[in-house]
Amino acid sequence: MTERDVLEIGRYALIVALKLSMPVLLFGLVAGVLVSLFQAVTQIQEFTLTFVPKLLAVILALALFGPWMLTTMTQFFTYTYNHMGPISR
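Residues numbered from 1 in each chain as written. Predicted model: local features only at pLDDT ≥ 70, side-chain atom pairs only at ≥ 80, totals over all residues. Heavy atoms only, no water.

## Some remarks on the overall build of the protein
- Counting its regular elements, the protein contains two helices and zero strands.
- Whereas a compact globule of 89 residues would reach a radius of gyration of roughly 12 Å, the protein reaches 19 Å, over 25% beyond that.
- Within the span of the protein, comprising 89 residues, buried residues form 19% of the whole.
- Put simply, of all contacts in the protein between residues at least 6 apart along the chain, 71% involve residues at least 24 apart. (Helix = DSSP H or I, 4+ residues; strand = E, 2+ residues; numbered from the N terminus. Rg over C-alpha atoms; globule rule 2.2 N^0.38 Å. Buried < 20%, exposed > 50% of the residue type's maximum accessible area, 1.4 Å probe, protein only. Contact = heavy atoms within 4.5 Å.)

## Let's talk about the nonpolar core
- Counting six residues, the largest nonpolar core consists of Val-16, Leu-20, Val-24, Ala-61, Met-69 and Phe-76.
- Breaking this core down by element, the ones donating at least two residues are α1 (3–42) and α2 (47–82). (Core = buried A, V, L, I, M, F, W, Y, C linked by side-chain atoms within 4.5 Å.)

## Examining α1
- For α1, which comprises 40 residues, the first-to-last C-alpha distance of 57 Å matches the rise-based estimate of 58 Å (1.5 Å per residue) to within 8%.
- The axis of α1 is deflected most strongly, by about 35°, at Met-22, and proline Pro-23 appears within four residues downstream.
- Burial in α1 covers these residues: Ile-9, Val-16, Leu-20, Pro-23, Val-24, Gly-28, Ala-31, Gly-32, Val-35 and Gln-39.
- Structurally, α1 contributes buried residues whose contacts are with α2.
- Directly after α1, the chain includes Gln-43, whose backbone phi takes a positive value near 60°. (Expected span 1.5 Å × (residues − 1). Bend = angle between axes of the 7 residues up to and from the residue.)

## A word on α2
- Along its length, α2 shows its largest kink, about 60°, at Phe-65, and proline Pro-67 lies within four residues downstream of that point.
- Within α2, the full set of buried residues consists of Thr-50, Ala-57, Ala-61, Met-69, Thr-72, Phe-76 and Thr-80.
- Contacts from the buried residues of α2 go to α1.

Next up, the structure:
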């Protein structure tokens with residue numbers, strides 16, 4: 001395994017990490033903005049009001065995108081395993 005192979009796998013790992021985190025982060029971001037707007041309009045400042053909708057949004061994102069995330073991770077691990085080459089001692 002050459003340096004180029006290691007760098008390619010590292011770059012691919014970063015891309016996969018970004019792809020997997022984006023749906024969850026976007027759902028949390030949208031829920032946070034909506035709750036913040038609601039709090040600004042109603043002037044209700046309650047911690048649980050911000051926490052619970054974000055938690056539900058993240059759970060929804062994981063439920064919706066979970067199979068795709070699992071497939072993406074499986075493809076990454078298969079790619080990494082196939083490009084490792086023989087391990088010599």
